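Geometric and topological summary
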Amino acid sequence: MWTDRHQQSTANLRFSEKTAVWSAMKNMVLILWIMSVSTVQNTFASDMQRTIQDLSFQNLTSVPKGLSPSIEALDLSHNRIQRLTYDDFSTMSNLRFLNVSWNIVKEINPDTFRSTSYLEYLDLSHNKLQNLQQQDYLLFTPKLQFLDLTFNNFSTMTLGEMFNSLKELQNMGLSAEVVKSKDFGSIADIHLQNMFLQLENLTTYESNSLRNILSKKLGIVLSNRPTDEALITDALSAFDKVDLVGLNGSQTYLSTFLRQSKSIRTSHLYLTNIEMTWPVAVDLLNIVRQSTIKHLSIYMITITGQITPQKLNPESHLQSFSIKGVTITNFFFFQGNIYDFFINMRVERLTLAETSLIQMTCPNAPSPIKFMDFSDNAFSDSIFSVGGTECVSLQNLNTLILKGNRVQNLMELSRRLQYMTSLQHLDVSFNSLFYSDTLGNCHWPSSIVHLNLSSNSLGKSVFSCLPLNIETLDMHNNQIEALPDRLFHLDMLTYLDLSSNQLLDVPSCRGFTNLAVFLLRDNSLHTPSMRFVASCPRLREMDVRGNPFMCTCGLREFAALQQRHPIKLLHWPRAYSCKYPEAWRDKLLRDFRLPAISCSAGFLAAAILCPAVAVAVATLVLCKRLDVPWYLRMTWQWTRAKRRTRRREDLEGVHFHAFVSYSQQDADWVNGRLLPGLEEGGALRICHHERNFVPGKTIVENIVRCVERSYRCIFVLSSHFVRSSWCHYELYFAQHQRLSRGSDSVILVLREPLPQYLIPSKFYQLKAMMARRTYLEWPQDPNKQRLFWAHLRAALQAPLPPAPLDQDQQPLIAGDL
């Protein structure tokens, strides 16, 4: 098994080398087919996965059963399938693409494709089919456009009558060892785009065998045997485009025919995968230039031997010359020989791509070259330099492509091109270009109208180094974060591509007011503002897909852009979706909706404040009616009292929880309500002057003594209290005691409302205390009095020592003085 796989891989490599163009064309056909399916169905990757089934490299010996009927493309390549039958594809009525290459298919049942009448692409290459006259399954493939039968076991090229049914066939690949004049008779009336003949093992060829092939282009893998002489003669005499693959430089059939023949129909000659010495290559080129061939394209050429200076003949009918994929085996040569040889060719179109060349000089004389493609080389900033001066001999150049090189300095490049006065199209994408304002001014030719600077390292300063007359500008995949404040007026610019940059908002068009197409996909636009609309009056199309849209209020206007402005969003709506917030992730912008009230500050404030104010007013009214403020004040007092009782104070010498000071006119309330309420249960000891003043001592001494021996002083405030002189003294002494002890020992109990204007000026301390301290109010409502007692008792709680026996204490009645 390993040997088979190894042989298969070796053959595959050989085939890739010999038939690179045919292989590339097959891949292109597949890509175009997939694109067409995608366009018709308007689907994304998930849909493509549903219609394409890849079963390659599965070591299958037969087509699996039970495959989905919706399959449109089936890849069975690189397996070990030997036979194809009707049952294999009977349920796949939608099948359009089938690849069964690199298997060991020997037999295909005539009814195999009876149910797949839409089949367009069929690859049966690298199998073991044996007779081209017995491919009856083709009778059921009327829509077939691509058929590859190369690398089978066909000994002769004779095509059966069933090939005549392929009226829509455009691309065909065949191989055999013997080709005779009547082999292609069955396709004589089918007009092909490409016919590919893999004739590497050709042993017999009859002249004029290709006359029944009607194809715009003919590709032939040569055998490099004598049979090639007649084959090349017929090909160049009958086809407009001919691709000769695998030509050996030691064979002179092509040169001989071109030098001698006058009946060459070929106008475009392709040479693919050839190997020859430099002198032979130059000689072949001179022969082609002197022939009637107008276009020569060389792909994958290996140059051997020494490279010496060679001259081109002045006579030439060649209009275009293209060479891609050059390999040079000898690196010891003067590179100027290569540069001067190619740049001085007298052609209108010159392509020199996919080489390792690092420099290109200027033509020695005014050049007719109008189109120049130097893609994917290693050219640097010194390109087109002649002794340090700029090139002045390319004034006919219209299009210059420098994609994929190593050009870095944009200002230096503009100086190199400044005398190319006919240059209109310039492509410098995929380089390492940079530009800074400090480098100096740019000197572009004024004729440039199309400029491609994509995939470089350019920032916003590049807008100071642009041709003033450009109409289309491609700057995608750079490092542009914003447009500069100062912009040159690019009045002719109508197309601008700033995709794949780092833009945070849509730039305005103040420097290019005629802009019609604006591409901004794959940037960092979260909530694009609409300011650009006013500055872009001629804008008609935009591409803003692939941005991380934040679906909030700021995006509402942009999401409605197409409804409110004559601007078309390309790929709308399926390519535009929300990235943030999480609730809207992956939702289409088309479906994004937010209520207007949630996005208007005025409406939102009114919606919030009006109910809030109404609730606040209702709460205040309700609180007033239910005396909530009073409950709150009392709760606050109780909380503060509880906190104060937790403080560690020096209670040595303190025998009473409180001393009560009041006016004699309030005695009934004190004796009848206050004292019983406090002394209930014996938890509190109250100092009362009627029972605790010591006889024989003055009133002042008793007041001082009671105040000092009490933990708190309760002052019963009323209109009578503020008219009592003794109450004033007691308040004074209590205030003094508070200051000396450093504790909050004064408790004010407001028995009745006491306006400030009723308090005499001598009670200024009382005024101050009432202004900065809270006090307890005696409530008239019995339901509130329980809370009053709880707060007052809490304020008096203290761990006092046991009361000592005091023989001096006798009852004394003291009235107001």
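Up top you'll find the structure we're talking about.
Residues numbered from 1 in each chain as written. Predicted model: local features only at pLDDT ≥ 70, side-chain atom pairs only at ≥ 80, totals over all residues. Heavy atoms only, no water.

**Focus: the nonpolar core**
The test is simple: Nonpolar cores are built from buried Ala, Val, Leu, Ile, Met, Phe, Trp, Tyr and Cys residues. Side-chain atoms within 4.5 Å join them into one set. Partly exposed residues are those whose accessible area sits between 20% and 50% of the maximum for their type, while under 20% is buried and over 50% is exposed, using a 1.4 Å probe and protein chains only. For the purposes of this entry, the term helix denotes a DSSP run of H or I that reaches at least four residues, the term strand denotes a run of E that reaches at least two, and both are numbered from the N terminus. Throughout, a residue-residue contact means that at least one pair of heavy atoms, one from each residue, lies within 4.5 Å.
Of all hydrophobic cores here, the largest spans 170 residues; its most connected members are Phe 163, Phe 321, Phe 374, Phe 384, Leu 453 and Met 542. The dominant element in this core, judged by the number of residues it contributes, is helix H7 (residues 278-290), at seven residues. Beyond its immediate sequence surroundings of up to four residues, Phe 163 is in contact with Leu 132, Gln 135, Leu 138, Leu 147, Leu 149, Met 172, Ser 186, Ile 187 and Ile 190. Judged by nonpolar contacts, the second largest core, of 26 residues, contains Cys 706, Val 707, Ile 759 and Phe 763.

**Remarks on the packing of helix H5 (residues 227-238) against helix H6 (residues 253-260)**
Our working rule: Fitting a line to C-alpha atoms yields each axis, with helices limited to the stretch in contact; the angle taken between N-to-C directions then spans 0 to 180 degrees. Small angles under 35 degrees read as roughly parallel and large ones over 145 as roughly antiparallel, with 65 to 115 read as roughly perpendicular and the rest as oblique. The sense of a crossing depends on the near helix, which, turned anticlockwise from the far helix by less than a right angle, makes the crossing left-handed and, turned clockwise, makes it right-handed. Residues are grouped as follows: nonpolar covers Ala, Val, Leu, Ile, Met, Phe, Trp, Tyr, Cys and Pro; charged covers Asp, Glu, Lys and Arg; every other residue, Gly included, is treated as polar.
Interaxial distance between H5 and H6 falls to 9 Å at its minimum, and their mutual angle equals 45°. One finds that H5 runs oblique with respect to H6. Judged by the twist between their axes, the crossing of H5 over H6 is right-handed. Across from Asp 228, Glu 229, Ile 232, Thr 233, Leu 236 and Ser 237 in H5, the residues of H6 making contact are Tyr 253, Leu 254, Phe 257 and Leu 258. For the contact of H5 with H6, the class distribution of residues is six nonpolar, two polar and two charged.

**Observations concerning the pairing of strand E17 (residues 349-353)**
A regular strand places its side chains on the two faces of the sheet in alternate fashion. Short version of the rule: At least two DSSP bridges between two strands are required for those strands to pair. By convention a crossover is right-handed if, when the strands point away from the viewer, the path from the first strand over the helix to the second runs clockwise.
The element E17 is extensively covered by neighbouring structure, given that four of its five residues are classed as buried. Bridge count for strand E16 (residues 320-328) against E17 is five bridges, and the pairing is parallel. Bridging across to E17, Lys 324 finds its partner in Ala 353. Once you follow E16 into helix H8 (residues 336-343) and on to E17, the crossover reads as right-handed. As defined by bridge partners, E17 adjoins strand E18 (residues 371-373) across three bridges and the pair is classed as parallel. Counted as the bridge partner of Arg 349 is Phe 371 from E18.

**Things to note about the environment of Arg 96**
Among the secondary structure elements, Arg 96 is positioned in the loop between helix H4 (86-89) and strand E4 (97-99). In the structure, Arg 96 is positioned 22 residues away from Tyr 118 in sequence and 5.5 Å away in space, judged by C-alpha atoms.

**Here we look at the state of the cysteines**
This is how it is decided: By disulfide we mean two sulfur atoms from cysteines, separated by a distance within 2.5 Å.
Within this structure, the stated rule accounts for four disulfides. A sulfur-sulfur separation of 2.2 Å characterises the disulfide bridge that pairs Cys 362 with Cys 391. Placement of Cys 362 in the loop between E17 and E18 and of Cys 391 in the loop between E18 and strand E19 (399-401) is noted, with a sequence separation of 29 residues between them. The disulfide that involves Cys 551 links it to Cys 578, with 1.8 Å between the sulfurs. For the disulfide bridge between Cys 551 and Cys 578, the dihedral angle about the S-S bond is near -85°, and by the sign convention the bridge is left-handed. A residue pair is termed long-range when its members are at least 10 positions apart, and Cys 551 in the loop between strand E26 (549-550) and helix H11 (556-559) and Cys 578 in strand E28 (residues 578-580) qualify at 27 residues. Residue Cys 706 stays outside any disulfide, its sulfur separated by 3.1 Å from that of Cys 687, the closest cysteine. Between Cys 713, a free cysteine, and Cys 687, which holds the nearest cysteine sulfur, the sulfur-to-sulfur gap is 8.8 Å.

**Section: the packing of H6 against H7**
Axis separation between H6 and H7 bottoms out at 9 Å; the angle between their running directions is 30°. Regarding the angle of H6 to H7, the classification is roughly parallel. At the point where H6 passes H7, the crossing takes the left-handed sense. Note on element contacts: H7 touches H6 through Asp 283, Leu 284, Ile 287 and Val 288, opposite Leu 254, Ser 255, Leu 258 and Arg 259. Its residues assigned to classes, the contact of H6 with H7 comprises five nonpolar, one polar and two charged.

**Overview of the side chain of Thr 112**
Note the cut-off: Distance and chemistry together define a polar contact, namely a pair of N or O atoms within 3.5 Å, with one atom able to donate a hydrogen and the other to accept it when in protein, and with adjacent residues in sequence counting only for side-chain atoms on both sides.
Mapped onto the fold, Thr 112 is located in the loop between strand E5 (107-108) and strand E6 (121-123). Judged by its relative accessible area of 0%, Thr 112 falls in the buried class. Within polar-contact distance, the side chain of Thr 112 engages the backbone oxygen of Leu 84 at 3.2 Å. Within the structure, Thr 112 has its side chain in polar contact with the backbone oxygen of Asn 109 (distance 2.6 Å). When sequence neighbours within four positions are dropped, the list of residues in contact with Thr 112 reads Leu 84, Thr 85, Tyr 86 and Phe 89.

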